[in-house]
Amino acid sequence: MKIFVSFSILVLAFTGCTSVKYQQMQNERDTRREVYEDARRKEALKRSRNFLSDDMLGKWEFLEMVLEGSDGSENILKSKTALAASKLNGFRLRFWRGGDLYYYRIENFINKSYGTYATRVVYRGDEPQAARLYFYPISGSHISDLIFNFTRGVHKQVVMGDGEVFTTQIATKIMEVSVKDARLDLILDLGMVLSPEGWLRRGKIRCSFQRIE
């Protein structure tokens, strides 16, 4: 009987030690998994935040500005777009990286400006196709004011959840950007407008640059 009791105590002690060791191993695995997942999330966020930022590095010169994708007649906007394009001849943008920050500078233009910029990924379906571009001016005019200022006062409309139509002005501070080969496009979406004929898409203004360096 004593032998049985002693054996039972040893079994319990061994089981207890095994349980403690197993719990420690499990905790270590959970900690490593959490560290890995945290690092993976941070890397994914960084890639999302800097999507296309590296592709923009270099020097770009204004190529063209056009209004496209409109469902209706936008003759006034087309004329304003053409006038704005004529004033952008020689407009150059330079993008470079310093540490974790991305910088921009306007070159060869009267209203010089510089600052930092960031991009945020925009998805079309499952694959990223473009990004939203954010400029943070340190000196001089905001780039969106130099390029898209002629759209100030133009409104767009959206349908709210309760069916009410909400009217707001087009925001030019945030634009879409895409880079393909030696071309960079800054895109301002003009949204929708409710007309007597129904909803019309006002289209997009595309301001294109060509890489020169």
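What counts, and at which threshold
Residues numbered from 1 in each chain as written. Predicted model: local features only at pLDDT ≥ 70, side-chain atom pairs only at ≥ 80, totals over all residues. Heavy atoms only, no water. Pairing = 2+ DSSP bridges. Helix = DSSP H or I, 4+ residues; strand = E, 2+ residues; numbered from the N terminus. Buried < 20%, exposed > 50% of the residue type's maximum accessible area, 1.4 Å probe, protein only. Contact = heavy atoms within 4.5 Å. Expected span 1.5 Å × (residues − 1). Arc of directions from axis to C-beta. Core = buried A, V, L, I, M, F, W, Y, C linked by side-chain atoms within 4.5 Å. Phe/Tyr/Trp six-rings, centres within 6.5 Å; stacked < 30°, edge-to-face > 60°. Salt bridge = Lys/Arg side-chain N within 4 Å of Asp/Glu carboxyl O.

Novice: So what's going on with the pairing of strand E11 (residues 198–201)? Which residues, and what values?
Specialist: Examined bridge by bridge, strand E10 (residues 192–195) and E11 share four bridges and lie antiparallel to one another. Note on E11: the bridge partner recorded for Leu-194 is Trp-199. The turn linking E10 back onto E11 is made up of two residues.

Novice: Could you give an account of the pairing of strand E1 (residues 58–68), naming the residues involved and the relevant values?
Specialist: Note that E1 and strand E2 (residues 92–98) share four bridges and pair antiparallel. If you follow Lys-59 over to E2, its bridge partner there is Arg-94. Strand direction decides the pairing type here: E1 and strand E12 (residues 204–211), joined by eight bridges, are antiparallel. Along E12, the bridge assignment pairs Glu-61 with Gln-210.

Novice: Quick rundown of the environment of Asn-111? Include the residues and the values.
Specialist: If you trace the backbone, Asn-111 turns up in the loop between strand E3 (101–107) and strand E4 (114–124). Since its relative accessible area comes to 36%, Asn-111 is described here as partly exposed. Filtering out sequence-adjacent residues up to four positions away, Asn-111 remains in contact with Ile-106, Ser-141 and Leu-146.

Novice: Can you lay out helix H2 (residues 75–86) for me, pointing to particular residues and giving the numbers?
Specialist: For H2, built from twelve residues, the straight-helix expectation of 16 Å at 1.5 Å per residue is met to within 8% by its first-to-last C-alpha distance of 17 Å. When we look at burial in H2, the residues that qualify are Leu-77, Thr-81, Ala-84 and Ala-85. Buried residues along H2 cover an arc of 100 degrees about the axis, so they all sit on one side. Exposed residues on H2 whose side chains face more than 90 degrees from its buried face are Asn-75 and Ile-76.

Novice: So what's going on with the nonpolar core? Which residues, and what values?
Specialist: Residues Met-65, Phe-91, Phe-95, Ile-147, Leu-186, Cys-207 and Phe-209 are the most contacted members of the largest nonpolar core, which totals 37 residues. When sequence neighbours within four positions are dropped, the list of residues in contact with Leu-186 reads Leu-133, Ile-147, Phe-148, Met-175, Glu-176, Val-177, Ile-205, Arg-206, Cys-207 and Phe-209.

Novice: Summarise the packing of aromatic side chains; cite the residues concerned and give the values.
Specialist: For any pair of aromatic rings, the description consists of the separation of the ring centres together with the inter-plane angle of the planes. Per the counting criterion, the structure on display carries seven aromatic pairs. Residues Trp-96 and Tyr-103 carry aromatic rings whose centres are separated by 5.6 Å and whose planes lie at 15 degrees to one another, so their mutual orientation is stacked. Since its relative accessible area comes to 25%, Trp-96 is described here as partly exposed. Owing to a relative accessible area of 23%, Tyr-103 belongs among the partly exposed residues under this scheme.

Novice: Provide a residue-level description of the pattern of salt bridges, including the pertinent values.
Specialist: In the structure shown here, the tally under the stated rule is twelve salt bridges. The partner of Glu-107 in a salt bridge is Lys-59, and the shortest N-O contact between them spans 3.1 Å. In this pair, Glu-107 is assigned in strand E3 and Lys-59 in strand E1, connecting sequence segments 48 residues apart. The class of Glu-107 is buried, set by a relative accessible area of 15%. Of the charged contacts, one joins Arg-152 and Asp-145 as a salt bridge, the two residues approaching to 3.7 Å between their closest N and O atoms. What makes Arg-152 exposed here is its relative accessible area of 62%. Judged by relative accessible area, Asp-145 falls into the partly exposed class, the value being 24%. Here the residues in one salt-bridge network are Glu-64, Glu-68, Arg-183, Asp-185 and Arg-206, joined through shared partners.

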